[in-house]
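Structural features, examined
If you want the building blocks of each chain, they are given just below.
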Amino acid sequence: MKTHTLLFLALVTTLIAQDKPKDPFVKDKKAAAEPAATADVPKNVVCLIETITLPQVDYVALLDSPKDREKLHERAVVAVKAGSAKLDGCHFIITKSGTRSTNEAVDELVYPTEWNAADRAGFQYPKAFEMRQLGDRFEFEPVLEDETGALFFTHMFARNRFLGFRLYKADTTLPGVPAADFIEQQGPSGCRMIPGVPALIATLTNAQPGAITLVFATAQVVSITAPPPTQKGNSNIHLTARVISLDRMKGWELLKKHPIDGAACLAELKLLLASKEAVLEHVSTISTLSGTRAVHESGPVYPYGTEFDPPTEGKPAQPSDDPKKPGIPAKAPGLAGTTAFENRPLGFRFEVDPTLNEARTISDITTSFSKTIMTGNLKDKNWSEHYPEIPLISSQRLTIGFSQAVDSTILLGTLNPPGDTGANEHKDESRLWLLFFDVSLE
């Protein structure tokens, strides 16, 4: 009886406390203050893109089974590990809500689009060129809804491949000119995503007959924890970039294990560097002031021709009918020539624009980081030896905007080399390149 009495008194006391009227103005202030405090916390959005290629019949089987369809990503991952599907692309990128960012792993193919008039043998010389990116390109802009925590996601994942040149003939008796054939695969769209839950954002028709590529995106929201305010005044900002490469499957596992903790991911990579299972591809540091754009460039400059004179036919001498006027001498055939050049910087390029907050604890950063290489001149059985030399440029690039706490390390994204693009028989290297960023004050 005594125990029951104590429980009854405790319950009554609780109910009285709940019924006690509160100052409505105090309540409103508190309710208004909580969302504001949450909104003031800087946030990044990170996104992992996985492209998994499998037979179409296997994909249909997953769709036809309700249980498998609900766990489509999980089943696809199981298929990769079992060897019946292939992870042929893995990309990672960081950005802020409302900021459009891009990740490129491409070969830049320059091909002719206009030709000079044909000579008597039907030979034509290229007159104007265009460039097309081959490989993977991902562009997205997430918008975070503070009330629900959901993400509205506009995106475009593109994968283009070069199939080679075919000879196009205006007259079937003439040699014709090379026309470039491509496979273009892309799926620009918009969707609503739940943070941390993989979503199928596109399917691509694979160049391999009977295969399909599934494009999954997993987005997560990362809150930035500010360190204690610094007393360093108007000090310099040191920004250090590190690029580390490793096997794609191992890198994939690391990204799934540490999707939002760049420091933990780098710590594991250091062990792989020590065992030579990973390679340090690049490291560079920029020192600048808040609000001041800075650039680091390291690499050669490659000049290449962009405008050309076509070869010309010779002309025989033309005697004059008037003895008082000289005849026109014979004109020898003219060779093709280069009339204009452009320069393309190669190597690593690191461009950054940081802005510190008032407390000098968090920096808003926009950056473009790239690696560019010249892989050789364009080669194809239908590209005549009498045509100009066309360089094939490979570009690995991240263009992003994000927030980062001072004295921290984060993973900005992948800086992968192009995959199977078809240009010069370029094959997939199955490597993952990871770009890490350190920010500190001096």
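These numbers come from a predicted model, not from an experiment.

**Regarding the overall build of the protein chain**
Within the protein chain, the secondary structure is distributed over seven helices and 19 strands. Since a compact globule built from 442 residues should have a radius of gyration of about 22 Å, the 30 Å found for the protein chain marks it as more spread out than a globular shape. Once the C-alpha set of the protein chain is aligned to its principal axes, its extents read approximately 140 × 60 × 50 Å. The burial tally for the protein chain puts 41% of its 442 residues in the buried class. Intrachain contacts of the protein chain at a sequence separation of at least 6 include 72% that bridge at least 24 residues. Entry remark: accessible area of the protein chain is about 23900 Å², with carbon and sulfur atoms responsible for 54%. Each charge class in the protein chain was averaged separately, 46 positive and 54 negative side chains, and the resulting centres sit 3 Å apart.

**Re the layout of surface pockets**
In this structure, the largest pocket spans a volume of roughly 580 Å³. What lines the largest pocket is a set of 29 residues, and nearest its centre among them are D88, R159, N206, D420 and D428. Mapped by element, the contributors of at least two residues to the lining of the largest pocket are β1 (43–55), β2 (86–95), β4 (126–144), β5 (151–168) and β9 (211–223). In terms of residue count, the dominant contributor to the lining of the largest pocket is β2 (five residues).

**Section: the pairing of strand β16 (residues 362–377)**
In terms of strand pairing, strand β15 (residues 347–356) meets β16 through 10 bridges, oriented antiparallel. Bridge pairing in β16 links T355 to D364. Turn length for the β15-β16 hairpin, with the two strands adjacent in sequence and antiparallel, is five residues, and the turn residue R360 shows positive phi of about 60 degrees. Pairing geometry for β16 and strand β17 (residues 391–405), over 15 bridges, is antiparallel. Residue pairing across strands places I362 opposite A405, the latter belonging to β17.

**A word on the side chain of Q404**
Residue placement: Q404 occurs in strand β17. For Q404, a relative accessible area of 1% translates into the label buried. Here S408 takes part through its backbone oxygen, which lies 3.0 Å from a polar atom of the side chain of Q404. A polar contact is formed between the side chain of Q404 and the backbone oxygen of F437, at a distance of 3.1 Å. Those residues in contact with Q404 that lie beyond four places of it in its chain are I224, T361, I362, S363, I365, T409, I410, F437, D438 and V439.

**Focus: helix α7 (residues 262–274)**
The end-to-end C-alpha separation of α7 is 18 Å, in line with the 18 Å expected for 13 residues at 1.5 Å each. Burial in α7 covers these residues: G262, C265, L266, L269 and L272. The buried residues of α7 occupy an angular sector of 110 degrees when projected down its axis, which confines them to one face. For α7, exposure combined with an orientation more than 90 degrees from the buried face picks out L271 and A274. Check the buried side of α7 and you find it contacts β10 (237–247), α6 (248–257), β11 (278–288), β18 (408–414) and β19 (431–441). Looking one or two places after α7, you find K276, whose phi comes out positive at around 65 degrees.

**Notes on the pattern of salt bridges**
According to the stated counting rule, one finds 22 salt bridges in the structure shown. R166 serves as the salt-bridge partner of D181, at 2.9 Å between the closest nitrogen and oxygen. Of this pair, D181 sits in strand β6 (residues 177–186) while R166 sits in strand β5; the two residues are 15 residues apart in sequence, bridging distant segments of the chain. With relative accessibility at 23%, the residue D181 sits in the partly exposed group. R166 gets classed as partly exposed once you look at its relative accessible area, which sits at 41%. A cluster of three or more residues bridged by salt bridges with shared partners is formed by R100, E104, R137, E139 and E141.

**Concerning the environment of P228**
Structurally, the position occupied by P228 is in the loop between β9 and β10. We classify P228 as exposed; its relative accessible area is 70%.

**What about the packing of aromatic side chains?**
Under the criterion given, the structure shown has 15 aromatic pairs. Between Y302 and Y304 the ring centres are 6.5 Å apart and the planes differ by 15 degrees, which places this aromatic pair in the stacked class. Residue Y302 is classed as partly exposed on the basis of its relative accessible area, which comes to 25%. Here a set of aromatic residues connected by ring pairs shows up, and it is made of Y111, W115, F123, F162, F165, F182, W383 and Y387. Sitting above the plane of the F182 ring, R132 keeps its charged end 4.4 Å from the centroid. Over the face of the ring belonging to W252 we find K256, whose NZ or CZ atom lies 3.8 Å from the ring centre.

**Some remarks on unusual backbone geometry**
Generally, phi is negative for residues other than glycine and the peptide bonds are trans, each holding for most cases. A positive phi angle is found at R360, which is not glycine, with a value near 60 degrees. Mapped onto the elements, R360 comes out in the loop between β15 and β16.

**Notes on the pairing of β18**
When you tally the buried positions in β18, you get six out of seven residues, the bulk of the element. As paired elements, β18 and β19 share six bridges and run antiparallel to each other. Looking at the pairing, G413 lines up with L435 of β19.

**Some thoughts on the confidence of the model for the protein chain**
Looking at the protein chain, the pLDDT average stands at 88 and 90% of residues meet or exceed 70. The weakest mean pLDDT in the protein chain belongs to helix α1 (residues 2–19) at 41; the strongest belongs to β10 at 97. Contacts for the low-pLDDT stretch residues 1–38, under 50 throughout, to residues beyond four places or in other chains number one contact.

What counts, and at which threshold
Chains are numbered independently. Their residues run from 1 in the order of the written sequence. Totals for whole chains, interfaces and linings use every residue, but because this is a predicted model, local features are given only for residues with pLDDT of at least 70 and side-chain atom pairs only at 80 or more, for both listing and counting. In computing side-chain values, all of the structure's heavy atoms are included and hydrogens and water are not. Strands here are runs of E lasting at least two residues and helices are runs of H or I lasting at least four, both read from the DSSP assignment and numbered beginning at the N terminus. Every radius of gyration here is taken over C-alpha atoms, with the globule rule written as 2.2 Å times N^0.38, N being the number of residues. Relative accessibility under 20% of the residue-type maximum defines a buried residue, over 50% an exposed one, and the middle range a partly exposed one, all with a 1.4 Å probe and only protein chains included. Whether two residues touch is decided by their heavy atoms; if any such pair falls within 4.5 Å, the residues are in contact. Here the accessible surface of atoms and residues is derived via Shrake-Rupley with a 1.4 Å probe, and residues count as covered only by protein chains that are part of the display. Only four residue types enter the tally: Lys and Arg on the positive side, Asp and Glu on the negative side, with His and both chain ends excluded. Charged groups are reduced to one reference atom each: NZ for lysine, CZ for arginine, CG for aspartic acid, CD for glutamic acid. Here a cavity denotes a set of grid points, spaced 1 Å apart and computed over the protein atoms alone, in which a 1.4 Å probe fits but from which it cannot get out, and a pocket denotes an open set meeting protein on both sides within 12 Å along at least five of seven lines; residues with an atom within 4 Å of a point are reported as lining. Grid points are joined across faces, edges and corners, and a volume is the space filled by probe spheres set on the points. Two strands make a pair as long as DSSP finds a minimum of two bridges between them. Pairing of N or O atoms within 3.5 Å defines a polar contact, subject to two protein rules: one partner must be a possible hydrogen donor and the other a possible acceptor, and residues neighboring in sequence count only if both atoms are side-chain atoms. Given a helix with a known number of residues, its expected span is that number minus one, times 1.5 Å. This arc describes the spread of directions from the helix axis toward the C-beta atoms. What counts as a salt bridge is simple: a side-chain nitrogen of Lys or Arg found within 4 Å of a carboxyl oxygen of Asp or Glu. Geometry of aromatic contacts follows a simple scheme: Phe, Tyr and Trp rings, the Trp one being its six-membered ring, pair when their centres are within 6.5 Å, and the pair is stacked under 30 degrees between planes, edge-to-face over 60, tilted otherwise. We call a charge positioned over a ring when the NZ of a Lys or the CZ of an Arg lies within 6 Å of the ring centre and within 35 degrees of the ring normal. Each residue carries a pLDDT score, the predictor's confidence in it, ranging from 0 to 100.

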